[in-house]
Amino acid sequence: ALVTTKEMFQKAYEGKYAIGAFNINNMEIIQAITRAAGRLGSPVILQVSKSALKYAGPGYLRRMVEAAIEETGIDVALHLDHGPDLETVKEVIEAGFTSVMFDGSHYDYEINVAKTKEVVDYAHARGVVVEAELGKLAGVEDEVKVSAADATYTDPDQAVDFVKRTGVDSLAVAIGTSHGAYKFKGEAKLDFDRLATITAKLEAAGIHNFPIVLHGASSVDPESVALCNKYGGDIKGAAGVPNEMLRKAASMAVCKINMDTDIRLAMTAAIREVFGEQPAEFDPRKYLGAARDRIEKLVEDKIKNVLGSNTK
Ligand code: G3H
Ligand code: 13P
Ligand code: ZN
Ligand code: NA
């Protein structure tokens, strides 16, 4: 069924696992994710960025997601990823989304609080849950010194104040991840102590089992990158979050793990391989089908071996 994340997150929190939140923008991606989840009996979050919303259209996305639910029988939350304003939130709620993110992380703190609260009031009145973001996900260039990290990573005391004042249902935090395929220059490093402190302070403030969201959590599979490069691609210095760190995050308060780059890489690797190996092929079903297969395998591996949301 099309559901909110409320129940999935509470079960994930208590069961010490996480729900995968995968970005969607076309039929093959939706089919691949939901078929993998369906086979494993896992709930899943399908998320749509503002630009994906523009690319595919809310009506197409909602109806394709409905078809996928009908086919697989799984629980799906349809979520707005990085919602920039109340207007976009209204648009997707109108289209039947069950969950929205309002990303005010780039605003001054008080403005982030005020704008998030406005979204929460609007969404909650319509049975829709809200994710917000506090702290800035540093790009690989910014991630240099501890002082820089301190300035951009989520402040635990501020997180408690933010959750209390806005009434958000979940919070995306900055602990060292970043979006895209180039997350770390050297060794991958996440601030798990900060994550634990955020949870401890929330608990101390009487906010129990509060779900944390990890953005920028693609692991950037070297095999997909190598396949892209083997068949004409030029992706250099790519590095993601190791699966072991994602497992650790899932065992903690992290209940939602966001992956978009991994899907893009799997899709591109498969398509490049078909083009490279079968240059006479021009049936879109051949290369989009190969892409769908590769995404399905990726999602299956993530659910079973990293997220732990299978048979939940
Ligand atoms: O967090 C960002 C997502 O990866 C979506 O990116 O705006 O290019 O669709 P996009
Ligand atoms: P990646 O770029 O690591 O896949 O992160 C995606 C994300 O956070 C979408 O909101
Ligand atoms: Zn994100
Ligand atoms: Na968890």
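Computed from a prediction, not measured in an experiment: that's the story for all the values here.

*Asks:* What exactly am I supposed to notice about the site of ligand 2 here?
*Replies:* Near ligand 2, the surroundings consist of 14 residues, among which His 215, Ser 218, Asn 258, Asp 260 and Thr 261 are the closest. Taken together, the residues of the shell around ligand 2 sort by class into two nonpolar, nine polar and three charged.

*Asks:* Before we go on, may I ask you to explain helix H10 (residues 222–230) in this structure?
*Replies:* Residue pairs spaced three or four apart in an α-helix point in one direction, given the helix's 3.6 residues per turn. Those residues of H10 not exposed but buried are Ser 224, Val 225, Leu 227 and Cys 228. For H10, the angular spread of buried residues about the axis comes to 160°, placing them on one side. The exposed residues of H10 that point more than 90 degrees off its buried face are Pro 222, Glu 223 and Lys 230. Gly 232 sits one or two residues past H10 and shows a positive phi near 95°.

*Asks:* What is the right way to read the packing of helix H12 (residues 261–277) against helix H13 (residues 284–307) from this model?
*Replies:* The packing of two helices is summarised by the inter-axis angle and the distance between the axes. Contact pair H12 / H13: the axes reach a minimum separation of 8 Å and the direction vectors enclose 140°. Relative to H13, H12 is oriented oblique. Considering the relative orientation of H12 and H13, their crossing is right-handed. Residues Asp 262, Ile 263, Ala 266, Met 267, Ala 269, Ala 270, Ile 271, Glu 273, Val 274 and Phe 275 of H12 form the contact with H13, whose own contacting residues are Lys 286, Tyr 287, Ala 290, Ala 291, Asp 293, Arg 294, Ile 295 and Leu 298.

*Asks:* In this structure, what is going on with the site of ligand 1? I would like to understand it.
*Replies:* Taken together, Asn 23, Ser 49, Ser 51, Ala 52, Asp 81, His 82, His 179 and Asp 260 make up all the residues around ligand 1. Contributing elements (two or more residues each) for the shell around ligand 1: helix H3 (50–56) and strand E3 (76–83). A class-by-class count of the residues in the shell around ligand 1 yields one nonpolar, five polar and two charged.

Conventions adopted
Residues numbered from 1 in each chain as written. Chains lettered and ligands numbered in written order. Predicted model: local features only at pLDDT ≥ 70, side-chain atom pairs only at ≥ 80, totals over all residues. Near = placed C-beta within 6 Å. Nonpolar A, V, L, I, M, F, W, Y, C, P; charged D, E, K, R; others polar. Buried ≥ 20, exposed ≤ 12 C-beta atoms within 10 Å, placed from the backbone. Helix = DSSP H or I, 4+ residues; strand = E, 2+ residues; numbered from the N terminus. Arc of directions from axis to C-beta. Axes fitted to C-alpha atoms, helices over the stretch in contact; angles between N-to-C directions. Parallel < 35°, antiparallel > 145°, perpendicular 65-115°, else oblique. Left-handed = near helix turned anticlockwise from the far one by under 90°. Contact = placed C-beta atoms within 7 Å.

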